Amino acid sequence: MSDPDADPTATTTSKRQFASDNYAGICPPAWKAMEEANRGHASAYGEDRWTERSAELLRDLFETDCEVFFTFNGTAANALAIASLCQPYHSVICCETAHVETDECGAPEFFTHGTKILLTPHEHGKLNLDEVDRLVTRRNDIHYPKPKALSITQATELGTVYSVDELGAVSELARRRDLRLHMDGARFANALETLDVAPKEVTWKLGIDVLCFGGTKNGLAVGDAVVFFDHDLAAEFDYRCKQAGQLASKMRFLSAPWVGLLENDVWRANARAANRAAARLEAALRDIPGIEIMFPRQANAVFVQLPESLREGLWERGWRFYTFIGAGGARLMCSWDTTDEDVDALTRDVRELAQAVLATSTPE
Ligand SMILES: *Cc1c(COP(=O)(O)O)cnc(C)c1O
């Protein structure tokens, strides 16, 4: 079966898909900022005004004097951030569905030089705090990798969002057990849009030490921000980035698009558009017999159980989506540019195929 997206000779843009928010392109304000950064020369390695401005805008957003670094992607951001929290003999606790565990090819273990990842079962993609406490307290001898940090994903890999109270409970446990806090915020913008609170209320005020703020899925080409709320932890992080091949020499092309995202709250509008599209999709799918929504939809993803024939039917009609993420089922992900028409076109196909499935499986 040919993949319409894989045809290198295709001249027209193929349809918008629901496979991932990284299928989407660059949002216009980010593109414009990049174009502006392309006028003439600028200092290299982050000594430019765009990089300075983007860090300033992030400090304004979080209302604190945080330290900001840019990496090419989220895997590097997470792995290097965790490496700044842990020694090789430490452990970091996350839940079994965490991207750092399942989708980074061991980068956190590699860049920490051996920090062990300890897993808890997930509850809709969130940490089970009783289990965290058990992992921390079950041993305190020198033979056990000393728990040093918690890593949480916001919004989670399963499209749910930690509430302010849930984050408070994570924070309380971390403080009680002397654990550092890392937040994988590949979809932090989507989570914030759902929570509708000031960014500081769900980050440093709750003791988040370092946030990996995803820009790519929010409408950039590349460039995730590592935001340290604890200055001591950021010490020599620039060396860590350089050694890991994460220091862009033309840094302004990573940072200028962030200026495009942060000015005028474009990041927020992008997240809102994606979340709204997912809400529309969820509402439409709920009404279709034979389709089961798997998790509460709280951000821009809808996870559904689809009968096998329906999944294949959608694939044949050219739809692309992942079925290997999280806990099985199909992940339908909306992005900043997903339109109502895109959602309606997909749900129309799901409805037609579901009716065909019902017609063949229901006795007369
Ligand atoms: C996409 C994503 C990342 C970053 O992935 P990269 O491909 O390395 O940019 C990190 N965490 C989560 C939860 C993600 O979905």
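An unreviewed UniProt entry lists the protein under the name L-threonine aldolase, from Kolteria novifilia. What UniProt records for the protein under Cofactor (unreviewed entry) is the sentence "pyridoxal 5'-phosphate". UniProt's Function (unreviewed entry) comment on the protein is quoted here verbatim: "Catalyzes the cleavage of L-allo-threonine and L-threonine to glycine and acetaldehyde."

We now examine the UniProt feature "domain: Aromatic amino acid beta-eliminating lyase/threonine aldolase" (unreviewed entry) in the protein. Per the UniProt record, "domain: Aromatic amino acid beta-eliminating lyase/threonine aldolase" (unreviewed entry) is found at residues 17–306. Span residues 17–306 is 39% helix and 17% strand, its end C-alpha atoms 17 Å apart.

Attention now goes to the site of the ligand. Taken together, the neighbourhood of the ligand is formed by N73, G74, T75, N78, H99, E104, T153, E157, D184, A186, R187 and K217. With respect to the ligand, the backbone of G74 contributes an N or O atom lying 2.9 Å from an oxygen atom. At a separation of 3.4 Å, a nitrogen atom of the ligand approaches a polar side-chain atom of H99. Protein chains shield 82% of the accessible area of the ligand, which is 380 Å² for the free molecule. Among the residues making up the shell around the ligand, the classes are represented as 1 nonpolar, 6 polar and 5 charged.

Our next topic: the packing of helix α8 (residues 188–195) against helix α11 (residues 266–286). Packing of α8 against α11 brings their axes to within 8 Å, and their N-to-C directions diverge by 80 degrees. Judged by the inter-axis angle, α8 sits roughly perpendicular to α11. Where α8 approaches α11, its residues A189, N190, L192, E193 and T194 are matched on the opposing element by W267, R268, A271, R272, A274 and N275. Broken down by class, the residue content of the contact of α8 with α11 amounts to 5 nonpolar, 3 polar and 3 charged.

Turning next to the domain arrangement of the protein. Taken domain by domain, the protein comprises domain 1 (4–25 + 270–361) and domain 2 (28–265). Using only C-alpha atoms to locate each centre, domain 1 and domain 2 end up separated by 28 Å. Taken together, the contact between domain 1 and domain 2 spans 24 residues of the former and 22 residues of the latter. Across the domain 1 to domain 2 interface the summed buried area is about 1700 Å²; carbon plus sulfur atoms make up 54%. Summed over the three residues of domain 1 that lose the most area to domain 2, namely D21, F295 and Q298, the buried surface amounts to 27% of that side. Across the contact surface, domain 1 and domain 2 share 2 salt bridges. Residues R187 and D21 are paired through a salt bridge, measuring 2.7 Å at the closest nitrogen-oxygen approach. Applying the counting criterion to the domain 1 and domain 2 interface returns 9 residue pairs in polar contact (both at pLDDT 80 or more).

Calculation notes
- Residues numbered from 1 in each chain as written.
- Predicted model: local features only at pLDDT ≥ 70, side-chain atom pairs only at ≥ 80, totals over all residues.
- Heavy atoms only, no water.
- UniProt positions renumbered as here; feature names shortened; annotations may be inferred.
- Helix = DSSP H or I, 4+ residues; strand = E, 2+ residues; numbered from the N terminus.
- Near = heavy atom within 4 Å.
- Polar contact = N/O pair within 3.5 Å; in protein donor to acceptor, adjacent residues only side chain to side chain.
- Areas by Shrake-Rupley, 256 points an atom, 1.4 Å probe, with all protein chains shown as cover.
- Nonpolar A, V, L, I, M, F, W, Y, C, P; charged D, E, K, R; others polar.
- Axes fitted to C-alpha atoms, helices over the stretch in contact; angles between N-to-C directions.
- Parallel < 35°, antiparallel > 145°, perpendicular 65-115°, else oblique.
- Contact = heavy atoms within 4.5 Å.
- Domains from an automatic or database assignment.
- Buried area = accessible area lost by both parts, 1.4 Å probe.
- Salt bridge = Lys/Arg side-chain N within 4 Å of Asp/Glu carboxyl O.

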